[in-house]
Amino acid sequence: MQILPNTAGCYDADHAIRTARLAREALETDWIKLEVIGDQTTLLPDNEQTLETAKVLVKEGFIVLPYFTDDLIMAKKLLDVGCPAVMPLAAPIGSGMGVQNPSNLRIMREQLPDATIIVDAGVGVPSDAAIAMELGADAILMNTAIAEANDAAQMATAMKLAVQAGRLGYLAGRMPKRLYASASSPIQGAIK
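Residues numbered from 1 in each chain as written. Predicted model: local features only at pLDDT ≥ 70, side-chain atom pairs only at ≥ 80, totals over all residues. Heavy atoms only, no water.

Caption draft 1: Region of the structure containing the environment of Ile73. Mapped onto the elements of the fold, Ile73 is located in helix α3 (residues 72-80). With a relative accessible area of 49%, Ile73 lands in the partly exposed category. Through-space distance from the C-alpha of Ile73 to that of Met108 is 8.9 Å; in sequence the pair is 35 residues apart. (Helix = DSSP H or I, 4+ residues; strand = E, 2+ residues; numbered from the N terminus. Buried < 20%, exposed > 50% of the residue type's maximum accessible area, 1.4 Å probe, protein only.)

Caption draft 2: Broad picture of the sheet that holds strand β5 (residues 139-141). With parallel pairing, five strands are arranged side by side in an open sheet as β1-β2-β3-β4-β5. Since the sheet does not close on itself, it has two edges, and those belong to β1 (31-34) and β5, each with one partner. Averaged over all neighbouring strand pairs, the angle between strand axes comes to 25 degrees, with direction disregarded. The pairing of strand β4 (residues 116-120) with β5 spans three bridges and is classified as parallel. When the bridges of β5 are listed, Ile118 appears paired with Ala139. (Pairing = 2+ DSSP bridges. Axes fitted to C-alpha atoms, helices over the stretch in contact; angles between N-to-C directions.)

Caption draft 3: Region of interest: the packing of helix α5 (residues 126-134) against helix α7 (residues 152-172). Here α5 crosses α7 at 25 degrees, and the two axes come no closer than 7 Å. By the criterion of interaxial angle, the relationship of α5 to α7 is roughly parallel. The way α5 lies across α7 gives a crossing that is right-handed. Judged by residue contacts, Pro126, Ala129, Ala130, Met133 and Glu134 of α5 engage Met155, Ala158, Met159, Ala162, Val163, Gly166, Arg167 and Tyr170 from α7. Of the residues contributing to the contact of α5 with α7, the split by class is ten nonpolar, one polar and two charged. (Parallel < 35°, antiparallel > 145°, perpendicular 65-115°, else oblique. Left-handed = near helix turned anticlockwise from the far one by under 90°. Contact = heavy atoms within 4.5 Å. Nonpolar A, V, L, I, M, F, W, Y, C, P; charged D, E, K, R; others polar.)

Caption draft 4: Looking closely at the nonpolar core. Ile32, Leu34, Leu57, Val64, Phe68, Leu78 and Met108 are the most contacted members of the largest nonpolar core, which totals 25 residues. Broken down by secondary-structure element, the contributors of at least two residues to this core are α1 (13-27), β1, α2 (47-59), β2 (63-68) and α3. For this core, the leading source of residues is α1, giving five residues. Filtering out sequence-adjacent residues up to four positions away, Met108 remains in contact with Phe68, Asp70, Asp71, Leu72, Ala75, Pro88 and Ile117. Listed in part, the 17 residues of the second largest apolar core include Ala90, Leu105, Ala129 and Ile140. (Core = buried A, V, L, I, M, F, W, Y, C linked by side-chain atoms within 4.5 Å.)

Caption draft 5: Structural view of unusual backbone geometry. In this structure, Glu28 is a non-glycine residue whose phi angle is positive, near 55 degrees. Topologically, Glu28 is positioned in the loop between α1 and β1. The residue Ala121 is not glycine, and still its phi comes out positive at about 90 degrees.

Caption draft 6: Structural detail: the environment of Leu22. Note on placement: Leu22 falls in helix α1. With 25 residues separating them in the primary sequence, Leu22 and Asn47 have C-alpha atoms 22 Å apart.

Caption draft 7: Layout of the side chain of Asn47. Looking at where Asn47 falls in the secondary structure, it is placed in helix α2. Looking at Asn47, the relative accessible area reads 10%, which means it is buried. Within the structure, the side chain of Asn47 is placed 2.6 Å from the side chain of Thr69, a separation counted as a polar contact. With residues up to four places along the chain from it excluded, the contact list for Asn47 reads Phe68, Thr69, Asp71 and Met74. (Polar contact = N/O pair within 3.5 Å; in protein donor to acceptor, adjacent residues only side chain to side chain.)

Below, the structure is given as structure tokens:
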């Protein structure tokens, strides 16, 4: 097991950089989950401060896993500065609201086919996890949905199965959506 330090609770680049450096020293790891929060009520990330922090930390040899809004342009910028993966939110931290902008995640996957995309924050139930994976996420990082469930072990198992099902569904490729019905049984050769 490897501990992944987190800059949760940081509200600017200086604080996040200092926290990452302290975590590296204390835990002897270059891995860091980067969170730079922009709003205390919603806990939504400050994308600009996240990018500035990522630039510094990557130059210092950190393996930076950034939490940010589901913004394609920011994802590209974070990857360009050397982040090995991007971690867009599904919804605000701990909200359990599920994927709020499925189109953004789908576009991110299509535009960044080789990037590692880890959906971070907002997943509440297994169907949320399956949806995120069906949209092309490579993984999901979650805490609250499991930690606050009535039966955490059972919810963890359900989430695991949902992630597996969603990933398999994505890889299998869904049928196209149609406005009108399409007969599933052929009518050619049927007795009239």
